[in-house]
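If you want the building blocks of each chain, they are given just below.
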Amino acid sequence: MISIIIGNKGSGKTKHLVELVNHAAEVTDGHVVCVEKTPALTYDIKSSVRLIDTDHFSVSGFDSFYGFLCGVCAGDHDITDFFIDATFRICGRDYDKLADFLKQVDDLSKLTDTKFTFTISTDKENLPERIFNYCEAL
């Protein structure tokens, strides 16, 4: 399952994401992972959550990020929830590539039985309609 938190800069996406991360950490029987571009959420999320910054691993672009997510899933079969902040800052602002990427992640989600939640900095009407065939808007 994929969920997306949509809104422009300053609309509270990251705050909402942090609430979801901390709630998941309280209720899951598995592992929770939070991915961000730079280490900014260190003091906001529970210490039981695996926090990864993509800059540390030189991840950029949709293909690179998808491979990175696959690698993390392959290395830990107990992950129940992935939370990703600032998707466009990690991958670039290309709406069609975003749609293709999210379809790949949807397939990964089904394969690994892992929930993914992304923050997307834009207005909902800017996103390709096909995204909502496999993504739930929060």
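Structure: above.
Residues numbered from 1 in each chain as written. Predicted model: local features only at pLDDT ≥ 70, side-chain atom pairs only at ≥ 80, totals over all residues. Heavy atoms only, no water.

## Digging into the environment of V49
Let me state the cut-off plainly: Only DSSP runs of H or I covering at least 4 residues are called helices, and only runs of E covering at least 2 are called strands; the numbering of each starts at the N terminus. The buried label applies to any residue whose accessible area, calculated with a 1.4 Å probe on protein chains only, is under 20% of its type's maximum; exposed applies above 50%, and partly exposed to all values in between. Here a residue-residue contact requires only that any non-hydrogen atoms of the pair lie within 4.5 Å.
With respect to the helices, strands and loops of the structure, V49 is situated in the loop between β2 (31-36) and β3 (50-53). On the accessibility criterion, V49 (8% relative accessible area) is buried. With residues up to four places along the chain from it excluded, the contact list for V49 reads V21, A25, V32, V33 and C34.

## Here we look at unusual backbone geometry
Of note, A86 is a non-glycine position whose phi angle comes to about 65 degrees, a positive value. Positive phi is not limited to glycine here, since D113 has a value of about 55 degrees. Relative to the elements of secondary structure, D113 occurs in the loop between α4 (95-112) and β5 (115-121).

## Let's talk about the packing of aromatic side chains
Condition: Stacked, tilted and edge-to-face are the three classes applied to pairs of Phe, Tyr and Trp rings, where Trp contributes its six-membered ring and a pair requires centres within 6.5 Å; stacked means planes under 30 degrees apart, edge-to-face means over 60, and tilted covers the rest.
Here the structure, examined in full by the defined rule, presents eight aromatic pairs. With centroids separated by 5.7 Å and ring planes inclined at 20 degrees, the aromatic side chains of F65 and F101 adopt a geometry described as stacked. Separated by 36 residues along the polypeptide, F65 in helix α2 (residues 62-75) and F101 in helix α4 bring together distant segments of the chain. Taking relative accessible area as the criterion, F101 reaches 1% and is therefore assigned buried. A ring pair is formed by F101 and F118, whose centres lie 5.7 Å apart and whose planes are at 80 degrees; its orientation type is edge-to-face.

## Side note on the pattern of salt bridges
What counts here: Definition used for salt bridges: Asp or Glu carboxyl oxygen within 4 Å of a side-chain nitrogen of Lys or Arg.
Considering all chains together, one arrives at seven salt bridges under this definition. D81 is the salt-bridge partner of K115, the closest N and O atoms lying 3.8 Å from each other. Of the two residues, K115 is situated in strand β5 and D81 in strand β4 (residues 79-84); the sequence distance between them amounts to 34 residues. What makes K115 partly exposed here is its relative accessible area of 41%. Where K110 meets D106, a salt bridge forms, and the shortest distance between an N and an O atom there is 3.1 Å. Taken together, the residues K110 and D106, both in helix α4 and four residues apart, mark about one turn of the helix. Residue class for K110 comes out exposed when judged on its relative accessible area of 59%. The structure contains a network of salt bridges with shared partners spanning K103, D106, D107 and K110.

## Examining the environment of K124
Relative to the assigned elements, K124 resides in the loop between β5 and β6 (135-137). On the accessibility criterion, K124 (46% relative accessible area) is partly exposed. Residues K124 and I79 lie 45 residues apart in sequence; the distance between their C-alpha atoms is 29 Å. For K124, the contacting residues outside a window of four places in its chain are I6, F132 and A137.

## Here we look at the layout of surface pockets
Formally: In the cavity and pocket records, a cavity denotes points on a 1 Å grid over the protein atoms alone where a 1.4 Å probe fits but cannot get out, a pocket denotes an open set with protein on both sides within 12 Å along at least 5 of 7 lines, and lining residues are residues with an atom within 4 Å of a point. Grid points are joined across faces, edges and corners, and a volume is the space filled by probe spheres set on the points. Classification used: nonpolar for Ala, Val, Leu, Ile, Met, Phe, Trp, Tyr, Cys and Pro, charged for Asp, Glu, Lys and Arg, polar for all others including Gly.
Considered as a void within the structure, the largest pocket measures approximately 300 Å³ in volume. Taken together, 20 residues line the largest pocket, and the ones lying closest to its centre are T14, D85, A86, R89 and S121. Going through the elements one at a time, α1 (13-27), α3 (87-91) and β5 are the ones with two or more residues in the lining of the largest pocket. A class-by-class count of the residues in the lining of the largest pocket yields five nonpolar, eight polar and seven charged. Counted as a void, the second largest pocket has a volume near 150 Å³. Lining the second largest pocket are M1, S3, L20, H23, A24, V27, D81, F83, K115, T117 and L138. Of all the elements in the fold, those that place two or more residues in the lining of the second largest pocket are α1, β4 and β5. Looking at the lining of the second largest pocket element by element, the count peaks at four residues for α1. Broken down by class, the residue content of the lining of the second largest pocket amounts to six nonpolar, three polar and two charged.

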